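# Close look at the chain arrangement
So the chains spell out like this:
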Amino acid sequence: MSSAPPPGLDPERLHALLERERPGLVGGPLRARLIEGGRSNLTYAVTDGTHRWVVRRPPLGHVLATAHDMRREHRVLSALHPTAVPVPRTLLLCEDEAVLGAPFYVMDFVPGTPYRTADQLAPLGAERTRGAVLGLVDTLVDLHAVDPDAVGLGDFGRPEGFLDRQLRRWGKQLAASRGRELAGVDELHTALGRALPHSPAPTVVHGDYRLDNVLVGEDDRITAVLDWEMSTLGDPLTDLGLLVMYSTPLDVPGSVISTTASAAGHPSPGELVERYAARSGRDVSSLAWYTAFAWFKLAVILEGIHYRHTLGRTVGSGFDRIGDLVPVFIEHGLDTLQEG
């Protein structure tokens, strides 16, 4: 780790806090580095030279506290740690902004690899890749089997009218970033509204469940599910629909959207759905709606990024190609609904 502290984390202030709140935990001066890859909240690896921890905090200069709720993330991790769902153990929640400039929490460091692309999976080979992705489904079943009331998460969200609220929310997002004509997007939104399914019993929902939001250990088992900032109580099939979407090959050369679907050995979407249905006992007959909704949601997110790019508000490379992806996602959504 570099000697210069990364922006947003003062190792000396963090050390003083841990000494006060968790005496004996830290064995010496702390060093920290920013873990790349997060799209929203900032994640840091911290060490005293012997032990390692992870710190999560909102982005620098954050404004919307509700979008970066550290208390909420800390709460769901703490509640799930005693269950079969692999999550890091939380050590401390600090809401005093005088320490790091924003609320944050500290958790154990968990070893493992977040696989973001098919190329990264290639060294595993087909059989190990298949096992890792099937493990992703099994872990999702474990998450959806948790009784929210039993772990203190009975008031973690508002499950009533969940799908209707989600659809309206993403419709408003689309309207807010509308800078061009998008063939089929209104048709897709309307068709989703007409065919709203009846939700099963609510569960804890991750909200962004895919392979690069978990850590896979050397034995190809999932060591930790990460990035809980979208979690709530709601319809469990929204998690499965999103996973199916991310497991569908895009067939777009040079896509900036990370997907592992084309990796050798990667199970087909149908296999993932069958495994989930068999292990959870849930009715998945309306899954086409949930997958089409996932395509719509990602189309809206990408269009928002494209819109900000046209206004000159994005930093970095690759944003110029995102606009070309949006029609592909809309088309996939319409096709999925029709086939379903």
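Anyway, here's the lowdown on the structure attached to this text. (Residues numbered from 1 in each chain as written. Predicted model: local features only at pLDDT ≥ 70, side-chain atom pairs only at ≥ 80, totals over all residues. Heavy atoms only, no water.)

### A few points about the overall build of the protein
Basically, it comes down to this: Only runs of H or I of at least four residues qualify as helices and only runs of E of at least two qualify as strands under DSSP, and these elements are numbered from the N terminus. Computation of the radius of gyration draws on C-alpha atoms, with the globule rule given as 2.2 Å multiplied by the number of residues to the power 0.38. Burial classification: accessible surface area is computed with a 1.4 Å probe over protein chains only, and a residue below 20% of its type maximum counts as buried, one above 50% as exposed, and the rest as partly exposed. Throughout, a contact is declared for two residues whenever any of their heavy atoms are within 4.5 Å. Calculation of accessible area relied on Shrake-Rupley with a 1.4 Å probe; when residues are assessed, cover is drawn exclusively from the protein chains displayed. In this charge count, Lys and Arg are treated as positive and Asp and Glu as negative; neither His nor the chain ends contribute. The location of each charge is read from NZ of Lys, CZ of Arg, CG of Asp or CD of Glu.
When helices and strands are counted, the protein shows 11 helices and 9 strands. What you see for the protein is a C-alpha radius of gyration of 20 Å, in line with the 20 Å of a compact globule of 340 residues. Projected onto the principal axes, the alpha-carbon positions of the protein cover approximately 60 × 45 × 45 Å. Sorting the 340 residues of the protein into buried and exposed places 48% on the buried side. Intrachain contacts of the protein at a sequence separation of at least 6 include 71% that bridge at least 24 residues. Carbon and sulfur atoms make up 50% of the accessible area of the protein, which amounts to about 16,000 Å² in all. Of the charged side chains in the protein, 33 are positive and 43 negative; the average position of the first set lies 4 Å away from that of the second.

### Here's the deal with the nonpolar core
Heads up, the condition is: Among the buried residues, those of types Ala, Val, Leu, Ile, Met, Phe, Trp, Tyr and Cys that are joined through side-chain atoms within 4.5 Å form a nonpolar core.
Ranked by size, the top nonpolar core spans 76 residues in total, and within it Trp228, Phe296 and Phe329 carry the most contacts. When residues of this core are assigned to their parent elements, the largest contribution, 13 residues, is made by helix H10 (residues 287-310). With sequence-adjacent residues up to four places away left out, Phe296 is seen in contact with Leu167, Trp170, Gly171, Leu174, Val185, Leu188, His189 and Leu192.

### Focus: the packing of H10 against helix H11 (residues 322-339)
Which entries qualify depends on this criterion: To obtain an axis, a line is fitted to C-alpha atoms, over the contacting stretch when the element is a helix, and the angle between two such axes runs from 0 to 180 degrees between their N-to-C directions. Comment on the angle field: the value is read as roughly parallel under 35 degrees, roughly antiparallel over 145, roughly perpendicular from 65 to 115, and oblique elsewhere. In a left-handed crossing the near helix is turned counterclockwise from the far helix by less than a right angle, and in a right-handed crossing that turn is clockwise. Here the nonpolar group is Ala, Val, Leu, Ile, Met, Phe, Trp, Tyr, Cys and Pro; Asp, Glu, Lys and Arg are the charged ones; every other residue, Gly included, is treated as polar.
Relative orientation of the contacting elements H10 and H11 amounts to 165 degrees, with a least axis distance of 8 Å. Between H10 and H11, the crossing angle belongs to the class labelled roughly antiparallel. Crossing of H10 over H11 shows left-handed handedness. Residues Ala288, Trp289, Thr291, Ala292, Trp295, Leu298, Ala299, Leu302, Glu303, Ile305 and His306 of H10 pack against Ile322, Gly323, Leu325, Val326, Phe329, Ile330, His332, Gly333, Thr336 and Leu337 of H11. Partitioned by chemical class, the residues of the contact of H10 with H11 number 14 nonpolar, 6 polar and 1 charged.

### Structural notes on the packing of aromatic side chains
What counts here: In this analysis, rings of Phe, Tyr and Trp, with Trp reduced to its six-membered ring, are considered paired at centre separations within 6.5 Å, and the interplanar angle assigns stacked below 30 degrees, edge-to-face beyond 60, and tilted for intermediate values. Here, a charge over a ring means that NZ of Lys or CZ of Arg falls within 6 Å of the ring centre while also lying within 35 degrees of the ring normal.
In total, this model carries 3 aromatic pairs according to the counting rule given. On the basis of an interplanar angle of 80 degrees and a centroid distance of 5.3 Å, the ring pair of Trp289 and Tyr290 is categorised as edge-to-face. The interplanar angle of 15 degrees and the centroid separation of 5.4 Å between the aromatic rings of Trp289 and Phe293 together place this pair among those described as stacked. Here the residue Trp289 and the residue Phe293 both occupy positions in helix H10, the gap between them amounting to 4 residues, near one helical turn. Using a relative accessible area of 4% as the deciding quantity, one classes Trp289 as buried. Looking at Phe293, the relative accessible area reads 4%, which means it is buried. An aromatic cluster of three or more residues is present, and its members are Trp289, Tyr290 and Phe293. The side chain of Arg72 reaches across the aromatic face of Phe156, ending 3.9 Å from its centre.

### With respect to unusual backbone geometry
A positive phi angle, close to 70 degrees, is found at Asp220, a residue other than glycine. Take Asp220: it is sitting in the loop between strand S7 (214-216) and strand S8 (222-225). By relative accessible area, Asp220 is classed as buried at 16%. Despite not being glycine, Asp227 has its phi angle at roughly 55 degrees, a positive value. Take Asp227: it is sitting in the loop between S8 and strand S9 (232-234).

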